[in-house]
Amino acid sequence: MAAPARSLIPGPTGRRLRDHTYEYERDRLGFLTRCHEEFGDVFRFSPMTVVVGHPDTVHDLFLRTNVDFRTEGSLFSGDRTPAAAQTRETDVNMLARRKGWRGVNKSAAAAHGARFLGHLDSAVRDSGGRAVEVLAMMKEFFGLAVADYCLGGHGDDVTDVAEAVDVSAKTSVRLMASSLSLPRWLPLPVVSRVRKAERRALALLGDVVAARLAEPVAAEPRDLLDVLHAHLGTPTGAGRHGAHGGAALDAVAIARLVDVVMRASHGVPGATTAWALRELALRPRHLERVRAERDAVRAAARGDHVTPADLPFTAAFVNELLRAYPPTWLMGRWVHRDTTLAGYDLRRGQQVMASAYHVHRDPRWWHDPGEFRPERWLEGERPYEGRAYFPFGAGPRVCFGNQLGLAQLTLAIAWLADRYDVEVLNAAEASPAARELLVPLGLKARFLPRARAG
Ligand code: HEM
C-alpha cells in the first residue's frame, strides 16, 4: 500500500515571506541551490509556491498538465473570467497541436527555412560593424523570424505585428517577472499599459488573419497561418483535453493562438544565440570545429545548401548550450485541483516550479555538469540519466517550436561563425543572469565580415 501523502512540505521557516523573496531576488540561482541542498527535492518557497527538483517528479508534473495542473493562461486577454478564458485557450492550443503538428514542423518549417538566413543577414548588416547589445539584436531578429514562420513573407504588416508583439511582451515582462502574483484585475498603470499593448498586437494580427482567411486555403501550408486556415470551423473541444463543448476555430481564436506562439518564443532563441557567441569567444576550439564542419559541407560541393543534419558538432553545441544555459530556466504550473505530487498534498491555486538550470547541472544525473562539453552529445550514449534534460519542457504543453528552434539555432550559429569574426567585448563579465529568461546580460559584440567566407 502506498504511504499516505504528507501535507507538511519542508522549506525555509522563521522568516516572513518578504525576506525569502528578497533573498531570492538578490540571487535566484544561489537561493534555489541552497534550498535544494538543505531541504531536498521538494521544498516550499512560500505557502503558495513549491519547488520540485527530481526529474521524475518534474515529468509527472508536466505530464499531468491540463488535468491536475495548468499552465498560466493569457494574463492579458482582457477577460475577467480567467478560468473560462484558460479553458478556451487550452482547447485552441491543443487543437492546433493535433491538427497542425505535421504541417507546422515540416512543410511550413521548410518554407520558412528558405527565408530565415536572409533575415539574419539583414540584421547583422544593419549593425554595420558597430558594437551592439547582442541580446537586443538577436531578440529582434528572432522576433521577425518567428513572425515570418507564423505569418510568412516580408510584408510591412508582418513587421508591424512583430514590433507590436515585441512591445507587448516587453511591457508584460515587469508583471511576469514579479515573484509575487499580482491580481491581474487591479487597476494599476502597468496592467493597463500591458492590456493596451496586447490589444494593439491582437488588432494588427487580426487584420493579417482576416486578409489570409479571405484567400483560398493553400494546398501546401507555407506558414502556421496556412495550417490553421485549413482547420477553420473545426470544433476546438473535440479532443481529449476539450471537455467544454469546444466552439469552432474562428478568426479570433487563430489570431490569439499566433499571438501566444509569438509571445511564448519572445527572446528565447535569441538568448541561446547570445550564449553561443559568448561560448565561442571564450572557447576558440569550439569555434574552429563549428567552422571546420561548415567548410566540409562546402567542400562536398553542397555550397550554401546546408541542413542541421550536416552539422552534428554544431547541433551538439546547441544541445550543450540548452543544457548549461536553458533560457526558460524556471518553469511553472498551477495546481488546478487538489492533488498529490512526490508524496505531498497540494492545494488548488498553489504554484509548482521546476528549475531546468538546476536539474541540468545535478551531478546525480550528469557527469561533470560544470564543464561545458558539446562532445558529450556525440559519444553514442545519451549523456544523462533518466529524464534530466528538458530545455523545452515536456508533456502536453511541451514547446510548440522545439524542432524549429533547434534547426534555427544550429543554422544561425553555423552561418554566423562562417561569415563573421564576432568580436565579443565582454564575454567573461556577462555571466548568467536569471531574469524571466537566463541571459548573458549586457553582452556586447561587433560583427566583422570574414575575408574567407564562402
Ligand atoms: C531555444 C529555443 C526554444 C526554447 C529553449 C523553448 C523553450 C520552451 C519552454 C521551456 C516552454 C514551456 C514548456 C512547458 O512549460 O512545458 C515553451 C513553450 C512554448 N514555446 Fe518554446 N522554446 C524555444 C523556441 C520556440 C519557438 C521558435 C517557438 C515558436 C515557433 C516556440 C513556441 C512556444 C509556444 C507556443 C509555447 C507554449 C506552449 C503551450 O503553452 O502549450 N518556442 N518553449
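Being a predicted model, the structure only gives us computed values, none of them experimental.

A. Seen up close, the site of the ligand. Not every one of the 28 residues close to the ligand is listed here, only the nearest: Ser-265, Gly-393, Cys-399, Gly-401 and Gly-405. Listed by contribution, the elements that provide at least two residues to the shell around the ligand are helix H6 (134–151), helix H10 (251–264), helix H11 (268–282) and helix H15 (402–419). Looking at the shell around the ligand residue by residue, the class counts come to 19 nonpolar, eight polar and one charged.

B. Structural detail: unusual backbone geometry. The phi torsion at Asn-66 lies on the positive side, around 80°, for a residue other than glycine. Mapped onto the elements of the fold, Asn-66 is located in the loop between helix H3 (55–63) and strand S3 (69–70). A positive phi angle is found at Asp-368, which is not glycine, with a value near 45°. Of note, Asp-368 is situated in the loop between helix H14 (356–359) and H15.

C. Expanded view of the sheet that holds strand S2 (residues 49–52). Spatially, five strands are ordered S1-S2-S8-S5-S3 in an open sheet, and the strand pairing comes out mixed. Both outer strands of the open sheet, strand S1 (42–46) and S3, are each paired with one neighbouring strand and no more.

D. The sheet that holds strand S9 (residues 420–424), seen in detail. Spatially, S4-S12-S9 is the arrangement adopted by the three strands of the open sheet, whose pairing is antiparallel. Two strands lie at the open edges of the sheet, namely strand S4 (132–133) and S9, each paired on one side alone. Examined bridge by bridge, S4 and strand S12 (residues 444–449) share two bridges and lie antiparallel to one another. The residue of S12 that forms the bridge with Glu-133 is Lys-444. Along the sheet face, H11 touches S9 and S12 and points at about 90° away from the line of S9.

E. Layout of the environment of Val-58. Tracing the sequence through the fold places Val-58 in helix H3. For the pair Val-58 and Val-359, spaced 301 residues apart in sequence, the C-alpha to C-alpha distance is 9.5 Å. Here Val-58 is in contact with Val-52, Ala-354, Val-359 and Phe-390, once residues within four sequence places are set aside.

F. Quick look at H10. Relative to the 20 Å expected for 14 residues at 1.5 Å per residue, H10 spans 20 Å between its end C-alpha atoms, a close match to the ideal helical length. Of all 14 residues in H10, 10 are buried, a share of seventy percent or more.

G. Broad picture of the packing of H11 against H15. For the pair H11 and H15, the least separation of the axes is 10 Å and the interaxial angle reads 35°. Crossing geometry of H11 relative to H15 is assigned as right-handed. Only Gly-405, Gln-408, Leu-409, Ala-412, Ile-413 and Ala-417 of H15 make contact with H11, whose side of the interface consists of Pro-269, Thr-272, Thr-273, Ala-276 and Leu-280.

H. Region of the structure containing the packing of H6 against H11. Direction vectors running N to C along H6 and H11 enclose 135°, while the axes themselves pass 8 Å from each other. Taken together, H6 and H11 sit at an angle that is classed as oblique. When you trace H6 past H11, the crossing you get is right-handed. Here H6 contributes Val-134, Leu-135, Met-138, Lys-139, Phe-141 and Phe-142 to the contact with H11, which in turn contributes Pro-269, Gly-270, Ala-271, Thr-273, Ala-274 and Leu-277. A breakdown of the residues in the contact of H6 with H11 according to their chemical character gives nine nonpolar, two polar and one charged.

Cut-offs used in this document
Numbering of residues starts from 1 in each chain and follows the order in which that chain's sequence is written. Thresholds applied to this predicted model are a pLDDT of at least 70 for local features of residues and 80 or more for the giving and counting of side-chain atom pairs; totals over whole chains, interfaces and linings are not thresholded and use all residues. The criterion for a residue being near a molecule or strand is a backbone-placed C-beta atom within 6 Å of that molecule or strand. Helix and strand assignments come from DSSP, with helices taken as H or I runs of at least 4 residues and strands as E runs of at least 2, each series counted from the N terminus. Residue type decides the class: Asp, Glu, Lys and Arg count as charged, Ala, Val, Leu, Ile, Met, Phe, Trp, Tyr, Cys and Pro as nonpolar, and the leftover types, Gly among them, as polar. DSSP-based pairing: two strands are paired if at least 2 bridges between them are found. By the convention adopted here, residues make contact when the C-beta atoms placed from their backbones lie within 7 Å. Only the contacting stretch of a helix is used when fitting its axis, a line to C-alpha atoms as for every element, and angles between N-to-C directions run 0 to 180 degrees. Multiplying 1.5 Å by the helix residue count minus one yields the expected span of that helix. For the exposure call, what matters is how many other C-beta atoms sit within 10 Å of a residue's own: 20 or more marks it buried, 12 or fewer exposed, and in between partly exposed, using C-beta atoms placed from the backbone. Left-handed describes a crossing whose near helix is turned anticlockwise from the far helix by less than a right angle; the clockwise case is right-handed. Working rule for angles: under 35 degrees goes down as roughly parallel, over 145 as roughly antiparallel, 65 to 115 as roughly perpendicular, anything else as oblique.

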